[in-house]
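# Close look at the chain arrangement
Spelled out, the chains give:
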Amino acid sequence: MNRQQLQAERQAAGAAYVEALSAFREAWARLAAIDRTLANANVAQGETIRSWHFASRNRLEDGLRALQHFEFAPRIIVNDWHDRAVALSDDQIERFKP
């Protein structure tokens with residue numbers, strides 16, 4: 001494999017990484033939303049759910065920083081992740097019927 005082929009492979013791998021990161025973000029938001037909904041006092045009814053190690057935006061931001069790539073994912077914005085989960089959870093809580 002020569003340098004040109006490696007560069008082309010890098011571009012393809014970078015595009016696949018961006019796509020996978022987007023899918024991961026959506027899957028994470030779904031799970032985070034359900035965990036948040038199940039932790040809601042009206043839904044939980046005294047039960048405790050175990051969830052993420054990073055329970056705050058700041059800790060989530062620290063975790064997401066490890067996924068950043070200088071060229072392909074230079075800035076992962078925590079609000080894009082957190083706010084999606086909150087919106088999904090708010091909808092779940094609103095529609096919850098005991």
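An account of the accompanying structure is given in this report.

Conventions adopted
Per chain, residues are indexed from 1 in the order of the written sequence. Only residues with pLDDT of at least 70 get local features here, since the model is predicted, and only at 80 or more are side-chain atom pairs given and counted; chain-wide, interface and lining totals rely on the full set of residues. Think of the side-chain values as coming from all heavy atoms in the structure, minus any hydrogens and water. To qualify as a helix, a DSSP run of H or I must reach at least 4 residues; to qualify as a strand, a run of E must reach at least 2; elements of each kind are numbered from the N terminus. Should any heavy atoms of two residues lie within 4.5 Å, those residues are considered in contact. Each patch groups residues whose relative accessible area exceeds 30% and which form no salt bridge, using 9 Å between like charges and 5 Å between nonpolar side chains of Val, Leu, Ile, Met, Phe, Trp and Tyr. Working definition of accessibility: Shrake-Rupley area with a 1.4 Å probe, residue cover restricted to the visible protein chains. For salt bridges, the criterion is a side-chain nitrogen of Lys or Arg within 4 Å of an Asp or Glu carboxyl oxygen. Classification of ring pairs rests on two measures: the distance between centres of Phe, Tyr or Trp rings, Trp counted by its six-membered ring, which must be within 6.5 Å, and the angle between planes, read as stacked under 30 degrees, edge-to-face over 60 and tilted in between. Buried and open spaces are told apart on a 1 Å grid over the protein atoms alone, a cavity being a set of points where a 1.4 Å probe fits but cannot get out and a pocket being an open set with protein on both sides within 12 Å along at least five of seven lines. Residues with an atom within 4 Å of a point are the lining residues. Grid points are joined across faces, edges and corners, and a volume is the space filled by probe spheres set on the points. Only Asp, Glu, Lys and Arg are considered charged in this grouping, and only Ala, Val, Leu, Ile, Met, Phe, Trp, Tyr, Cys and Pro are considered nonpolar; every other residue, Gly among them, is considered polar.

### Regarding the side chain of Ser89
Relative to the helices and strands, Ser89 resides in helix 4 (residues 78-95). Not counting residues up to four positions away in its chain, the partners in contact with Ser89 are Ala33, Arg36 and Thr37.

### Some details on a nonpolar patch on the surface
Taken together, the side chains of Ile34, Leu38 and Ile49 present a nonpolar region at the surface, about 210 Å² in accessible area. On the secondary structure map, Leu38 appears in helix 1 (residues 3-39).

### Quick look at the packing of aromatic side chains
Geometry of an aromatic ring pair is reported as the spacing of the ring centres plus the angle between the planes. By the definition in use, this model includes two aromatic pairs. Consider the rings of Phe24 and Trp81, whose centres lie 5.5 Å apart with planes at 65°: the pair is edge-to-face. With Phe24 in helix 1 and Trp81 in helix 4, this residue pair connects regions lying 57 residues apart in the sequence. Grouping aromatic residues by their ring pairs yields a cluster made of Phe24, Trp28 and Trp81.

### What about the layout of surface pockets?
Here the second largest pocket is characterised by a volume of approximately 170 Å³. Lining the second largest pocket we find Val18, Leu21, Ser22, Arg25, Phe72, Ala73, Arg75, Ile76, Ile77, Asp80 and Trp81. Take the lining of the second largest pocket: its biggest share by element is four residues, from helix 1. Its residues placed into classes, the lining of the second largest pocket shows seven nonpolar, one polar and three charged.

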